[in-house]
Amino acid sequence: LKAFGAGLLSSFGELQYCLSDKPELRESEPSVTGEQKYPITEYQPVYFVAQSFESAKEKMIKFAQTIPREFGVRYNPYTQSIDILDSPRQMTDLLKQIRTEMNSYWVQWKNCSNLRFSFLLRFFF
């Protein structure tokens, strides 16, 4: 058994309570979970249960794909932040950046391939 969530993990009392027969346990379903009202001054009356963290993550990803939005998001590994893509200019800049990176990787791959091939020629012949 594993517990996830800030409330459960920050309160030993709530963790004990959620394992008792007092609260209602329901199958984790993001569309329902997001609408559930919770009291903030007492333990939760309902807890959502998933078969595994992987299962909960998959459900959340599928749910997120159903949310209509007029923008895209991208993780930027250089700045370690999330970029919001909501204009043609941003998309054009991103595609240019990706093309530049792909060209760089392509050159590196060709260089590595040539090095390996010449090494094999020298090694075997």
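Attention in this report is confined to the structure presented alongside it. Just so you know, these numbers come straight off a predicted model, no measurement behind them.

### Comments concerning the overall build of the protein
Stage number 1. Looking only at helices and strands, the protein features five helices and four strands.
Stage number 2. In the protein, the order of α-helices and β-strands from amino to carboxyl end is α-α-β-α-β-α-β-β-α.
Stage number 3. Since a compact globule built from 125 residues should have a radius of gyration of about 14 Å, the 25 Å found for the protein marks it as more spread out than a globular shape.
Stage number 4. Principal-axis analysis of the C-alpha atoms gives the protein an extent of 75 × 45 × 25 Å.
Stage number 5. Each of the 125 residues in the protein was classed as buried or not, and the buried ones make up 11%.
Stage number 6. When contacts within the protein are restricted to residue pairs at least 6 apart in sequence, those whose partners lie at least 24 apart make up 28%.
Stage number 7. For the protein, the accessible surface area stands at approximately 10,700 Å², while carbon and sulfur atoms represent 61% of it.

Reading guide: rules and limits
- Residues numbered from 1 in each chain as written.
- Predicted model: local features only at pLDDT ≥ 70, side-chain atom pairs only at ≥ 80, totals over all residues.
- Heavy atoms only, no water.
- Helix = DSSP H or I, 4+ residues; strand = E, 2+ residues; numbered from the N terminus.
- Rg over C-alpha atoms; globule rule 2.2 N^0.38 Å.
- Buried < 20%, exposed > 50% of the residue type's maximum accessible area, 1.4 Å probe, protein only.
- Contact = heavy atoms within 4.5 Å.
- Areas by Shrake-Rupley, 256 points an atom, 1.4 Å probe, with all protein chains shown as cover.

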